[in-house]
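So the chains spell out like this:
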Amino acid sequence: MDPTPAAGSDRLAAVVGDGAGAAAPEPAPGELVPLDPRVRWVWWLAGGAAAAVVVIAVAVLAAVVSLPVPTVPLVAGVAVVAAVAAAMVPVVRYRRWRYALRERDVWIRKGVLWVTVSVIPYQRLQFVDTRQGPLDRLFGLAQLVVHTAALGTSGRLPGLDAEVAERLRERLAEVEPDAASL
């Protein structure tokens, strides 16, 4: 599916505008909107913490259970793999995660190994909220979550600047059910 904001690019500006009539810079036709680059730091820190937990778990398991392989090389190998994954996955994830607010829907692409494209029509939106975890707050980021009536059809945009996420939330909350006024 083509994520290009169709003839309604002025409608896209209305969604991402600042509410005072001045629109934020809108992407060129055919250009997808990336997440805020600061989200990579959030993902690197979370990945590093997860990698540390995995390495500690393997070290404890190796100390408790008699393994047929030497313990130090095993733990060192797991540490190297975990560190590389924690460093590289956020880079690929950031490159793949894009979104577009089109004339009648929200278009989201995400994934590292398996790429998922979600198209959520404005007419299906039930409510929109923003979320901030501790790392999001530390970096001034927020997540925008759009909910639909159907189970499992919510969309999530992590790594948005907190002010941008709030503006998007307010604009999407104002969308008429038929999306005619967007």
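Here goes a summary of the coordinates provided. Small disclaimer: the values here were computed from a predicted structure and weren't measured.

## Focus on the overall build of the protein chain
Link 1 in the chain: In terms of regular secondary structure, the protein chain is built from 5 helices and 7 strands.
Link 2 in the chain: Ordered by position from N to C terminus, the α and β elements of the protein chain give α-β-α-α-β-β-β-β-α-β-β-α.
Link 3 in the chain: The buried share among the 182 residues of the protein chain stands at 34%.
Link 4 in the chain: Considering only residue pairs separated by 6 or more positions, the protein chain has 54% of its internal contacts joining residues 24 or more positions apart.
Link 5 in the chain: Per element, the accessible surface of the protein chain, about 10200 Å² overall, is 63% carbon and sulfur.

## So, the environment of Leu74
Link 1 in the chain: With respect to the helices and strands, the residue Leu74 is situated in helix α3 (residues 71–96).
Link 2 in the chain: Dropping the residues within four chain positions of it, Leu74 is found in contact with Val58, Leu67 and Val69.

## Details of the pairing of strand β6 (residues 141–148)
Link 1 in the chain: Most of β6 sits out of view: 8 of its 8 residues are buried.
Link 2 in the chain: By the alternation rule, side chains of β6 split into Leu141, Gln143, Val145 and His147 and Ala142, Leu144, Val146 and Thr148, which are all buried.
Link 3 in the chain: Judged from the 6 bridges that link them, strand β5 (residues 125–131) and β6 form a sheet pairing that is antiparallel. Opposite Phe127, over in β6, you have His147 as the bridge partner.
Link 4 in the chain: When β6 meets strand β7 (residues 155–161), the two strands line up antiparallel, connected through 5 bridges. Its bridge partner lying in β7, Ala142 is registered against Leu160.

## Description of the environment of Leu67
Link 1 in the chain: Relative to the assigned elements, Leu67 resides in the loop between α2 (39–64) and α3.
Link 2 in the chain: Apart from residues no more than four positions distant in its own chain, Leu67 is found in contact with Ala62 and Leu74.

Thresholds, definitions, all that
Residues numbered from 1 in each chain as written. Predicted model: local features only at pLDDT ≥ 70, side-chain atom pairs only at ≥ 80, totals over all residues. Heavy atoms only, no water. Helix = DSSP H or I, 4+ residues; strand = E, 2+ residues; numbered from the N terminus. Buried < 20%, exposed > 50% of the residue type's maximum accessible area, 1.4 Å probe, protein only. Contact = heavy atoms within 4.5 Å. Areas by Shrake-Rupley, 256 points an atom, 1.4 Å probe, with all protein chains shown as cover. Pairing = 2+ DSSP bridges.

Read these as layout, nothing more, since geometry by itself doesn't imply function.
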